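So the chains spell out like this:
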Amino acid sequence: MKAIIMGCGRVGAQLAAMLDTEGHDVVVLDIDPHSFRRLPQTFKGTPVVGNGTDEDVLRHAGIEEAQIFVAVTQGDNRNVLAAQIAKHIFKVPRVVCRIYDPIREQMYRALGLQTISPTIAGAQMLRKALET
Amino acid sequence: MGKILVPVRGTRADDEAIKLACTLAKRTGGEVGVLYVIEVKRSLPLDAEIDEEIQKGEMALSQAAMLAAKEGYELETELLQAREAGPAIVDEAHERDAELIVMGLDYKKIFGEYSLGDTAPYVLRNAPCRVWLCREAMTVENHH
Amino acid sequence: MYFIVVGGGAVGYNLGKSLLKDGQEVLIIEQDPQACQRITEELGSVAVRGDGCEAKTLEEVGTARADVLVAVTGDDEDNLVACQVARHKFKVPKTIARVKNPRLEPLFKLLGVDITVSSTNLILTHIQQGLPSHPLMPLLTLKGCLEVVEVCLPAVSPAVGKRLKELALPAGSVICLLVGKDNLPVVPTKDTVLQAEDCLVAVTQTDSLVQLQAALAGL
């Protein structure tokens, strides 16, 4: 399957590498080419420099054929905008969006976006670690 | 000395400022106006009637009047509603053509750091007239 | 009416100022403490420091009783999110967003922003209105005295339906390329018949531009 990952931070690069290993056709987007250093040497996917909230950049990255779009930049709002472009304009079947702010995350989930809040998940994991 | 404006918050620090203003006014033939600003939260309209806050304000003002009477002085009091005290005090100083603002300040720490609050710095920065601040002494627990 | 303005830059500041002059209740949410202070000193108690996309800030400033939220920060994504949070969490009846990338306007509307304003689009509209409807578009100047221009033939053009050799072109002008409705470039011959919406690339003397335009566009 074709997957586009927006944001090549630690999480984005890790996810890109996983999907690549599983044999998916992966495109990683980031505005900073320096961030592609996080991709492993063996990465067979395509790094693309550009802003994922720009339709032209998304088209160039092949969003029209993508089945998966994941927004994991550092900016909650940028993720929200890009994810909504992917979902509503390009009708990508599977769109996942990271939102740090739990309140915003809840709201967008209620609006039908598939969202992840690492803030809550992280705090829960730490809480659990304290129990053992 | 013309008009002296004393903004009060209903704390102990008010007393010193009122006494000082009254003494000064008596000696120079000035007038003292005491002002209490109810800061209305933005979730409510500015003219919302918040009984609890109004009571607190009226209490602070009557306390001020009582203190002034003890000093043998009669002062004007005013209760105002605004979003923030600082700009309201400065506006009032403009409107009344005040010559001096005397403010009492508690010694207050926030997160372990001494804090001047928002109002005093705003007044210092923007008041058209002279400003005197009377800071209370540290309390015992603040000392340590 | 109660207006909440997200973003206290030049746009937010001047918008707030005008609304206040109209006697409206205004609150400007701005992240930069210095900008906030400036607004308060110039416009009074109408600025709150905070993130206008955050539900907590919006709750504190009474967004639930706001009539309009206007998001005019410099970032499209922030403006979108502020409007969406206002609309879906606080049921603000009207949301207005500034949009820098004009192509995002339809998406913003689809996602529930009532009004979008794109200065890019506004400027473009004004430019297009200020231009004649079928101008010669200058492409290139050659040797300082020749112009390479593009022109799209309007239906009213006197050239439509005529062969190239029948045209009254000014002296020293050549039509060197024709792109028809099929978007294929053709080098026209003297017998090529011109049609409405054909795009031509022509070379002409700088002095003859007006005559060329009259011959091809009829303006």
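For clarity, every value in this text was computed on a predicted model and none was experimentally measured. Numbering of residues starts from 1 in every chain and runs along the sequence as written. Each chain gets a letter, beginning with A, and each ligand a number, beginning with 1, in the order they are written. Where local features are concerned, this predicted model is filtered to residues with pLDDT of at least 70; where side-chain atom pairs are given and counted, the filter is 80 or more; whole-chain, interface and lining totals use all residues.

Q: Whenever I open this one, the overall build of chain B confuses me. Can you help?
A: Helix and strand labels come from DSSP, where a helix needs a run of H or I of at least four residues and a strand needs a run of E of at least two; each type is numbered from the N terminus. Within chain B, the secondary structure is distributed over five helices and seven strands. Walking chain B from its N terminus toward its C terminus, one meets helices and strands in the order β-α-β-α-β-α-β-β-β-α-β-α. Both definitions apply: the radius of gyration is a C-alpha atom measure, and the globule rule equals 2.2 Å times residues to the power 0.38. In terms of overall size, chain B behaves like a compact globule, its C-alpha atoms giving a radius of gyration of 15 Å where 144 residues would be expected to give roughly 15 Å. Reported as C-alpha extents along the three principal axes, the dimensions of chain B are approximately 40 × 40 × 30 Å.

Q: What exactly am I supposed to notice about the overall build of chain C here?
A: Helices and strands together make up the secondary structure of chain C, namely seven helices and eleven strands. The C-alpha atoms of chain C give 27 Å as radius of gyration, which overshoots the globular expectation for 219 residues (17 Å, by more than 25%). Expressed as lengths along the three principal axes of its C-alpha atoms, the size of chain C is roughly 75 × 35 × 25 Å. Around each residue's C-beta, the other C-beta atoms within 10 Å are counted; 20 or more make the residue buried, 12 or fewer make it exposed, and counts in between make it partly exposed. All C-beta atoms are placed from the backbone. Here chain C holds 219 residues, and 34% of them are scored as buried. A separation of at least 24 residues holds for 55% of the contacts in chain C among residues at least 6 apart in sequence. Our contact criterion uses C-beta atoms placed from the backbone: two residues qualify when those atoms are within 7 Å.

Q: Sorry, what's going on with the interface of chain B and chain C here?
A: How big an interface is tends to be expressed through the accessible area that disappears when the partners come together. With eight residues of chain B in contact, the opposing surface of chain C contributes ten residues. Side-chain classes follow a simple rule in which Ala, Val, Leu, Ile, Met, Phe, Trp, Tyr, Cys and Pro form the nonpolar group, Asp, Glu, Lys and Arg form the charged group, and the remainder, Gly included, forms the polar group. Residues belonging to the side of chain B that touches chain C are distributed by class as follows: three nonpolar, two polar and three charged.

Q: Sorry, what's going on with unusual backbone geometry here?
A: With the exception of glycine, most residues fall at negative phi, and the peptide bonds are largely trans. The phi dihedral of Asp97 of chain B falls on the positive side, at around 60°, and the residue is not glycine. Here Asp97 of chain B falls in the exposed class, since 11 other C-beta atoms lie within 10 Å of it. Look at Asn183 of chain C: it is not a glycine, yet its phi comes out positive at around 65°. For Asn183 of chain C, the location among the structural elements is in the loop between strand 9 (174–179) and strand 10 (185–186).

Q: Is there a simple way to explain the domain arrangement of chain C in this structure?
A: Where each domain starts and ends follows an automatic or database-derived domain assignment. Taken domain by domain, chain C comprises domain 1 (2–126) and domain 2 (137–216). The gap between the C-alpha centroids of domain 1 of chain C and domain 2 of chain C is 49 Å.

Q: Sorry if this is basic, but what is going on with the nonpolar core here?
A: General note: in soluble globular proteins, nonpolar side chains tend to be found buried as a group. Counting 72 residues, the largest nonpolar core has Ile4, Ile5 and Phe69 of chain A together with Val5 and Leu69 of chain C as its most contacted members. Excluding residues within four positions of it along the chain, Phe69 of chain A makes contact with Ile4, Ile63, Ala83, Ala86, Val92 and Val95 of chain A. We define a nonpolar core as a collection of buried residues of the types Ala, Val, Leu, Ile, Met, Phe, Trp, Tyr and Cys that are connected via C-beta atoms lying within 7 Å of each other. One finds Val8, Ala21, Ala25 and Val37 of chain B within the second-largest nonpolar core, a separate group that totals 33 residues.

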